[in-house]
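Here are the chains, one letter per residue:
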Amino acid sequence: MPLLEVQGLCVNYGHIEAVRDITFDVEEGSISTLIGANGAGKTTTLKTISGLRPVRAGKIVFDGRDITGLPPYERVKMGLSQSPEGRGIFPGMTVRENLEMGAYVRTDTKTAAYKADLDRVFELFPRLLERVSQVAGTMSGGEQQMLAMGRALMARPKLVLLDEPSMGLAPKLIAQIFSIIDEIKAQGTTVLLVEQNAAQALKRADSAHILETGSIVRSGTGAELAKDGSVKAAYLGGDL
Ligand SMILES: Nc1ncnc2c1ncn2[C@@H]1O[C@H](COP(=O)(O)OP(=O)(O)O)[C@@H](O)[C@H]1O
Ligand SMILES: [Mg+2]
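Residues numbered from 1 in each chain as written. Chains lettered and ligands numbered in written order. Predicted model: local features only at pLDDT ≥ 70, side-chain atom pairs only at ≥ 80, totals over all residues. Heavy atoms only, no water.

**Focus on the coordination of the magnesium ion (ligand 2)**
Rules: Here the coordinating atoms are restricted to nitrogen, oxygen and sulfur within 2.8 Å of the metal centre, or 3.2 Å for Na, K and Ca, and because water is not among them the sites may look incomplete. Only DSSP runs of H or I covering at least 4 residues are called helices, and only runs of E covering at least 2 are called strands; the numbering of each starts at the N terminus.
Those protein atoms acting as donors to the magnesium ion (ligand 2) are Thr43 (OG1) and Glu85 (OE), and they sit at 2.0 to 2.5 Å. Taken together, the residues Thr43 in helix α1 (residues 42-50) and Glu85 in the loop between β6 (80-83) and α3 (95-102) connect sequence positions 42 residues apart.

Written out as structure tokens, the structure reads:
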């Protein structure tokens, strides 16, 4: 059974059909990716899976349960968390406070398990430990991205949704973010990754879907799509 099943999902903004009848699965333990141009509907899809946008039609099943009508915090409790596009950290709070916010649905914040998860985030992102008392809004773009990912992991997710984690970062930091994504998978967390950096996303995707104007036009393994002529031409600048 897949960890996440998206079935016939349609999402509108008023009369605009941002997502049109998309269907895909995310297998437990995998990295899945949605690739597409600006405006293709990637963020809308992730927000809808998180419960931040209502569904016009279709169904979302997570961990065997129909969550289509469930409020966002209930989904977080079930193990579904998101690192939003544009980072969305709390700029006036410190790094530590931001990480605590990521764990707000947990009831075990005084326990060793919580401490272990905090340590795990600091192991993945040593920079956050160095800056644990810094006000988040004063950090660099890359650091804020790390904080957004770390905050999502503090919910102890089974599935983490990452919306454009490499956006706006320098090449060295991009490489670092992608290797951290590999490490998140290695530690057993399933990843649904949205990226404009298609080459890097396809390289590590067990499963990939191309979104065009709200529809999935092609699916396959990351390796298959990276070899596909039309995918290369449209998303990989002709080579990989
Ligand atoms: N808040 C909004 N109100 C109206 N239209 C929106 C809103 N957010 C996104 N859209 C539209 O929905 C479509 C999909 O957007 P989005 O999901 O953000 O795409 P992507 O993340 O792939 O760039 C676009 O046409 C966009 O203009
Ligand atoms: Mg987006």
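**Some details on the nonpolar core**
What counts here: In this description, a nonpolar core means a group of buried Ala, Val, Leu, Ile, Met, Phe, Trp, Tyr and Cys residues linked to one another through side-chain atoms lying within 4.5 Å. For every residue, the accessible area obtained with a 1.4 Å probe (protein chains only) is divided by the maximum for its type, and the residue is called buried under 20%, exposed over 50%, and partly exposed between those limits. What fixes the domain bounds is an automatic or database domain assignment. Two residues qualify as a contact provided that any one of their heavy atoms is within 4.5 Å of a heavy atom in the partner residue.
The biggest cluster of nonpolar side chains holds 45 residues, and the ones touching the most others in it are Phe125, Leu128 and Ile181. In terms of domain composition, this core takes at least three residues from each of domain 1 (1-79 + 159-240) and domain 2 (86-156). The contacts of Leu128, once residues within four sequence positions are left out, are Val95, Val121, Phe122, Met139, Glu143, Met146 and Leu147.

**With respect to the site of ligand 1**
Selection rule: Residues are counted as near a molecule or strand when any one of their heavy atoms sits within 4 Å of it. We define a polar contact as two N or O atoms separated by no more than 3.5 Å, with the added condition that, inside protein, one atom must be a possible hydrogen donor and the other a possible acceptor, whereas residues neighbouring each other in sequence contribute only through side-chain atom pairs. We get accessible surface area from the Shrake-Rupley algorithm with a probe of 1.4 Å; when it comes to residues, only the shown protein chains can shield them. Three classes are used, and their members are as follows: Ala, Val, Leu, Ile, Met, Phe, Trp, Tyr, Cys and Pro are nonpolar, Asp, Glu, Lys and Arg are charged, and the others, Gly among them, are polar.
Tyr13, Ala18, Ala37, Asn38, Gly39, Ala40, Gly41, Lys42, Thr43 and Thr44 make up every residue found near ligand 1. Between Gly39 and ligand 1, the recorded distance is 2.7 Å, taken from a backbone N or O atom to an oxygen atom. Protein coverage of the free-state accessible area of ligand 1, which is 560 Å², stands at 61%. Considering every element that reaches the shell around ligand 1, the biggest residue donor is α1, with three residues. Partitioned by chemical class, the residues of the shell around ligand 1 number four nonpolar, five polar and one charged.

**A word on the sheet that holds strand β7 (residues 159-163)**
To be explicit about the condition: Pairing between strands is defined by DSSP: at least two bridges between the two strands are required. Here, axes are lines fitted to C-alpha atoms. For helices the fit covers the stretch in contact, and angles between N-to-C directions go from 0 to 180 degrees.
Pairing is mixed across the open sheet formed by six strands, whose spatial order is β6-β7-β8-β3-β9-β10. The two strands at the open ends of the sheet, each matched to only one other strand, are β6 and β10 (215-220). Strand-to-strand twist across the sheet, computed as the mean angle between neighbouring axes with direction ignored, equals 20 degrees. Bridge analysis of strand β9 (residues 207-212) against β10 gives five bridges, and the strand direction is antiparallel. Directly across from Ile210, in β10, lies its bridge partner Arg218.

**Describing the domain arrangement of the protein**
Just so we agree on the cut-off: Simply put, the buried area is the total loss of 1.4 Å probe accessible area from both parts when two parts are fitted together. Whenever a carboxyl oxygen of Asp or Glu lies within 4 Å of a side-chain nitrogen of Lys or Arg, that contact is scored as a salt bridge.
Once the domains are mapped, the protein shows domain 1 (1-79 + 159-240) and domain 2 (86-156). Summarising the inter-unit geometry, the C-alpha centres of domain 1 and domain 2 are found 23 Å apart. Counting residues at the interface gives 19 residues for domain 1 and 16 residues for domain 2. Among the residues of domain 1 in contact with domain 2, Val76, Ile180 and Gln187 are the three that bury the most area, contributing 30% of the side total. Seen at the junction of domain 1 and domain 2, the total is zero salt bridges. Viewed at the interface, domain 2 and domain 1 are joined by two residue pairs in polar contact (both at pLDDT 80 or more). Listed by contribution, the elements that provide at least two residues to the side of domain 1 that touches domain 2 are α2 (72-78), β7 and α7 (171-186). Sort the elements by how many residues they give to the side of domain 1 that touches domain 2 and α7 lands first, with seven residues. For the side of domain 1 that touches domain 2, a count of residues per class yields 12 nonpolar, four polar and three charged.

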